[in-house]
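# Structural features, examined
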Amino acid sequence: MFNVPNDWRGWVWQGGKSPHDLQDRYLTADPLLSGEVLVQNTAIGLNPVDWKVLDSQIGKVPGVDGAGTVVAIGADVDQRWLGTRVAYHQSLQRPGSFAEFTPIAAQVLMRLPDAIDFATAAAFPCPALTAWQAIEKVPTQPGASLLIAGAGGSVGHFLVQLAQARGFTVTTLSSERHFSRLQALGAKYTLSDPLHNASRFYAVIDAVSPEHATSLAGNLLANGHLVCIQGRVEQWPCTPFGRALSLHEVALGALHLHGDAKQWHALTQQGERMLAQIAQGTLHSELLLHFPYDQLPTQLQALQHRNFSGKQIILL
């Protein structure tokens, strides 16, 4: 049904000082492992993690997010996957999405609604699934105050919507240039400096850094929740028997390393529900910025020094 080549183009990291040192090479196709499929990528989503982990990807194809069509299946994979339009989040231990084709475990795939194009799908997995994991850490209390710090980025874009849908009173912390967008997504209050706000929060979800998350611990109510997305809070940020906080870390990679089939099924089913909501217009994707395959290193470099709004998508 599908013509799968013996080799294909992919960006390989051999080390260097910047993403511009990625090398466009032809890669030899290896046999699929049991439980794997081969996805012909149509779109690649760029994420901050892609450049942050380059030093661990020597000799590998980086990239965690992609969308395309299943063109081959390995042993023990349901035949019905063949020809299916999918999106995925790839393990950092496997060949990544920065290529024309990606071999990937079938259990991590998300089927696409007919109304979702590949570019929208490729923009989805890492930020949206991270946002869902983060909000799942916080027990739902409708009306409770929740602060999202670093809300101007991709994860914050989805977090605001998910938190508002669960009934939280959402406050965001970001650059002022994001205020109008975040308010349209459901933020009730928008701040650029938490020190100018005396409010206390039931939960804080921080997408900036462990240090920034720690600095916000004093803004939490008793028995509050502190969720750190970018790294983890290493030291307990309050005295014993003080605020009695709950600390949480978030990592999609944890499922790749330690998750089981039941956990992956729950995550991909949630992902498919959210993709359906995007198709229906009840969940809003980011502004998409489209670029050709040859500009991937340039756009990854631009993401390191992000001073723009929107999500970069590489089209093949």
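Cut-offs applied
- Residues numbered from 1 in each chain as written.
- Predicted model: local features only at pLDDT ≥ 70, side-chain atom pairs only at ≥ 80, totals over all residues.
- Heavy atoms only, no water.
- 1 Å grid on protein atoms, 1.4 Å probe; cavity = no way out; pocket = protein on both sides within 12 Å on 5 of 7 lines; lining within 4 Å.
- Points joined across faces, edges and corners; volume = space filled by probe spheres on them.
- Helix = DSSP H or I, 4+ residues; strand = E, 2+ residues; numbered from the N terminus.
- Nonpolar A, V, L, I, M, F, W, Y, C, P; charged D, E, K, R; others polar.
- Pairing = 2+ DSSP bridges.
- Axes fitted to C-alpha atoms, helices over the stretch in contact; angles between N-to-C directions.
- Salt bridge = Lys/Arg side-chain N within 4 Å of Asp/Glu carboxyl O.
- Buried < 20%, exposed > 50% of the residue type's maximum accessible area, 1.4 Å probe, protein only.

Attention now moves to the layout of surface pockets. Looking at the largest pocket, its volume works out to about 1000 Å³. Along its surface, the largest pocket is lined by 41 residues, and Pro48, Val49, Lys52, Ile229 and Gln230 are the ones closest to its centre. Counting residues per element, the ones that place at least two in the lining of the largest pocket are α1 (48-52), α3 (125-136), α4 (154-165), α7 (253-258) and α9 (296-304). With four residues, the top contributor of residues to the lining of the largest pocket is α1. Classifying every residue of the lining of the largest pocket gives 18 nonpolar, 19 polar and four charged. A volume near 350 Å³ is recorded for the second largest pocket.

Ordered in space as β10-β9-β8-β11-β12-β13, the six strands form an open sheet in which the pairing is parallel. With one partner strand each, in any of the chains shown, β10 (189-191) and β13 (246-249) form the two edges of the open sheet. Strand-to-strand, the axes of this sheet are offset by a mean angle of 15 degrees, without reference to chain direction. Pairing analysis gives five bridges linking strand β11 (residues 201-206) to strand β12 (residues 220-228), with the strands arranged parallel. Within β12, the position partnered with valine 204 by the bridge is leucine 226.

Now for the pattern of salt bridges. Taken as a whole and assessed by the stated rule, the structure comprises seven salt bridges. Here aspartate 294 ties to arginine 9 by a salt bridge, and the two come within 3.0 Å at their closest N and O atoms. Placement of aspartate 294 in the loop between β14 (288-292) and α9 and of arginine 9 in strand β1 (residues 7-12) is noted, with a sequence separation of 285 residues between them. What makes aspartate 294 exposed here is its relative accessible area of 52%. Notably, a salt bridge pairs arginine 232 with glutamate 249, separated by 3.8 Å at the nearest N-O pair. In this pair, arginine 232 sits in the loop between β12 and β13 while glutamate 249 sits in strand β13, placing the two residues 17 residues apart along the sequence.

Don't take any of this as a statement about function, it's just geometry.
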